[in-house]
Amino acid sequence: MALLQIAEPGQSAAPHRHRLAVGIDLGTTNSLVATVRSGQAVALADDQGRLLLPSVVHYDASGTVTVGEAARERLSDDPLNTIASAKRLIGRPLAELDPALVHYELVERHGEAAVRTAAGIKTPSEVGAEVLRVLKARAEATLGGELIGAVVTVPAYFDEAQRQATKEAARLAGLPVLRLLNEPTAAAVAYGLDHGSEGVFVVYDLGGGTFDISILRLTRGVFEVLATHGDAMLGGDDFDNVIVDWFKAQTGNAGWSTADAARLARAARSAKEALSARDDVVMQCAVADGGQRSAVLDRATFESLGKPLIDRTLSCVRQALGDAALRADEVDGVILVGGATRMPQVKRAVAQVFGREPLTNVDPDQVVAIGAAIQADQLAGNRDAGANGMLLLDVCPLSLGIETMGGLVEKIIPRNSTIPTARAQDFTTFKDGQTAISLHVLQGERELVSECRSLARFELRGIPPMVAGAARIRVTFQIDADGLLSVSAYEKSSGVQAHIEVKPTHGLGNEQITDMLREAIDSAESDAALRMLREAEVDARRLLDATEAALREDGTELLSHDEYRAIVQRMQCLADVLEQLAMDEGQQADALPRQREALQQASAALNQVTTEFAARRMDAKIRKALGGMRLDDVPC
Amino acid sequence: MSISLTPKAAAQVRKALDKRCSGLGLRLAIKTSGCSGYAYALEFADAVNDDDVLFESEGVNIVVDARSLPLLDGTQLDWTREGLNEGFRFHNPNASATCGCGESFAV
């Protein structure tokens, strides 16, 4: 029997119409689920009152799957079958991953990294699905009904492939995704920043094993990600490790066995947590040989031990500010996310950098899930779409486009467009009688295909044969509210069409995105020169093709032998220049303008000798069209 | 005429009102819908209308509109926990049959 919750005035749902929706923070180290009940967003606990579910899944040979705390306990005795930090792998190809990143065996599956376990090969999406399944069951037990869906959070720097793979995890768990939401955006929503305040906000997220810094600009309900930075190998666990090392140094490095490691890590963690409220703590740890070791750790010592770690986060902060071209005093608010930001020295360091106290009144472990829950409540239609019901929008972090002739990228959706969005552009065929077109979908800011990231390829076939440039092919890019991309191509005269959803190919890390952006800025000038050269090349090829076709058709009829030879000679010259260019590929950037000039000269020379030929062809065409007609019949 | 809250229910309502930082109290109403004819509605009360009747129980204001009152008279609202789930439950002497979901009832 369902139990009732208090609703906002005028909004109590009709019986059986409660639309239960949750927000899920699917974290690298821990995950949690939250929902809005009686007007308040709250994180939901399991039957033992624990909010955080360790994002760890254990598989055994019999097919039994354990998730959470129980799985985490298997990390030391069965590391190969205990999958932690699957989020680091999701939607990424094996080639991009450092095998030292994880303690289990990685294999390749459908171009994506996967894990070999006793229960078979598991993709990161399948591992994520196990975590989501537990959270879904917890939410349904707590709310007494089936969920209509969830808002699942992802890091702001996740690309299409990683988002798609996260959505796949939810699908496998039987959990409809209302939308994916960027983690920093969710944190901002939890603080209610989406209604009212406009400005620049920094989200400092120090989790168990990862550090992310995001700079968001909020304008009229739209969150734009100005910059992201981070360290995928830095988190609260590293603070535990420095305590462990210190403790061993204090009490004697000898005599520790591997069996002590987990106990020691637990002791370090509780010492760290205790020091958030106290000035010193007696740290004790039993040793496998039967002894007991202890040492007193005071806050000052701990702070000096952890200082190098905090300094690493601050250098990321400075880089992110640099990328966003902002000074620390231009930031309107700082939000702390992640349990590790409870450490007083972290709060102090952040306050010092920005010259303001960070927002901390929402629990930093829960803040992302709470923001997601608020968004889920809105999307489920439980909140009226008034001032508070505004659906916030995200932006796409990198431009999306397609490859055109000459290895160039035509951007269709520019970076920082608000999503959902759809943009279309018309393209045409390059060759006479071309019946198919290959579409190559790319992500990135650079002008050249080779410098951007390939997302997908597909083909549009069945275009009726036409002269080059006559076909009208409309290519539409659509990004849905989750940031997922679908591309379609449609040839207007024949109605043929083709469509693709961007499937996981390979992903980009946080740093790669910023690197890509930086490279795009650094190389803007040479890129532009290269683009102009490539465009001149494409024009030259088109000219050669057209001349060749014309010669074939009318050459012997309209040209003298000498004229014919002159044209063929100039064509050869131009073809030679093109060939030389192909051989010089990848030369110094300063050669580009010279190369383009040579190309343009050769093209102009060919144009010059063909001008007379073109005029004669035109005359001949007109004579043919008008031949035998009376003046009165000529259409005006 | 009486409407009351159990101490546990009152504590929850006070907590919810505190967190919300606004609201006069709790509004109880009956809607003519649901699988057994009538359904309960439980909302925060931000305003009192002309045809509303006010009650007070365990320090919490309860607002009931005049049309709903005959069907709610004598009701006690309780707060219970069932496994992980917790929420309010109506103990209504007027209800002769309750639908399995507990949100809907017949007189």
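Model, not experiment: these values are computed from the prediction.

## What about the packing of aromatic side chains?
Okay, so step 1: Counted by the stated rule, this structure contains five aromatic pairs over all chains.
Okay, so step 2: Between the aromatic rings of Tyr157(A) and Phe158(A), the centroid separation amounts to 6.0 Å while the plane-to-plane angle is 70 degrees, which identifies the pairing as edge-to-face. Phe158(A) shares its class with Tyr157(A); the two are buried.
Okay, so step 3: Between Trp79(B) and Phe88(B) the ring centres are 4.9 Å apart and the planes differ by 75 degrees, which places this aromatic pair in the edge-to-face class. The same class applies to Trp79(B) as to Phe88(B), namely buried.

## Re the sheet that holds strand β9 (residues 112-117) of chain A
Note on sheets: strands pair through backbone hydrogen bonds, and any given pair is parallel or antiparallel.
All names here are of chain A.
Okay, so step 1: Taking strand neighbours across the sheet as the criterion, the three strands line up as β8-β9-β10 in an open arrangement whose pairing is antiparallel. At either margin of the open sheet sits one strand with a lone partner, and together these are β8 (106-109) and β10 (120-122). Adjacent strand axes in the sheet meet at a mean angle of 45 degrees, parallel and antiparallel pairs treated alike.
Okay, so step 2: Bridge analysis of β9 against β10 gives three bridges, and the strand direction is antiparallel. Residue pairing for β10: Thr117 is matched across the bridge by Gly120.
Okay, so step 3: Most of the contacts of helix α2 (residues 124-143) go to β10, to which it runs at about 80 degrees, and overall it touches β8, β9 and β10.

## Comments concerning the pairing of strand β15 (residues 222-231) of chain A
Residue and element names in this part refer to chain A.
Okay, so step 1: By the criterion of burial, β15 is predominantly enclosed, with 10 of the 10 residues buried.
Okay, so step 2: Where strand β14 (residues 211-219) and β15 come together, nine bridges link them in antiparallel fashion. Within β15, the position partnered with Arg217 by the bridge is Glu224.
Okay, so step 3: Counting the residues that bridge the hairpin from β14 to β15 gives two residues, and of these Arg220 lies at a positive phi of roughly 40 degrees.

## Examining the packing of helix α5 (residues 236-251) of chain A against helix α7 (residues 299-323) of chain A
Residues and elements named next belong to chain A.
Okay, so step 1: Direction vectors running N to C along α5 and α7 enclose 135 degrees, while the axes themselves pass 10 Å from each other. It follows from the interaxial angle that α5 and α7 lie oblique. Between α5 and α7 the crossing geometry is right-handed. Residue-level contacts link Asp238, Phe239, Val242, Ile243 and Trp246 of α5 to Thr301, Phe302, Leu305, Gly306, Leu309 and Ile310 of α7.
Okay, so step 2: Of the residues assigned to the contact of α5 with α7, the class counts are eight nonpolar, two polar and one charged.

## Focus on the sheet that holds strand β6 (residues 65-67) of chain A
All names here are of chain A.
Okay, so step 1: The strand order β6-β5-β7 describes an open sheet built from three strands, whose pairing is antiparallel. The sheet is open, and its two edges are formed by β6 and β7 (82-84), each paired on a single side. The mean angle between the axes of side-by-side strands here comes to 20 degrees, regardless of whether they run parallel or antiparallel.
Okay, so step 2: Here α2 sits on the sheet and contacts β5 (56-59), β6 and β7; the angle it forms with β5, its principal contact strand, is near 110 degrees.

Cut-offs and rules
Residues numbered from 1 in each chain as written. Chains lettered and ligands numbered in written order. Predicted model: local features only at pLDDT ≥ 70, side-chain atom pairs only at ≥ 80, totals over all residues. Heavy atoms only, no water. Phe/Tyr/Trp six-rings, centres within 6.5 Å; stacked < 30°, edge-to-face > 60°. Buried < 20%, exposed > 50% of the residue type's maximum accessible area, 1.4 Å probe, protein only. Pairing = 2+ DSSP bridges. Helix = DSSP H or I, 4+ residues; strand = E, 2+ residues; numbered from the N terminus. Axes fitted to C-alpha atoms, helices over the stretch in contact; angles between N-to-C directions. Contact = heavy atoms within 4.5 Å. Parallel < 35°, antiparallel > 145°, perpendicular 65-115°, else oblique. Left-handed = near helix turned anticlockwise from the far one by under 90°. Nonpolar A, V, L, I, M, F, W, Y, C, P; charged D, E, K, R; others polar.

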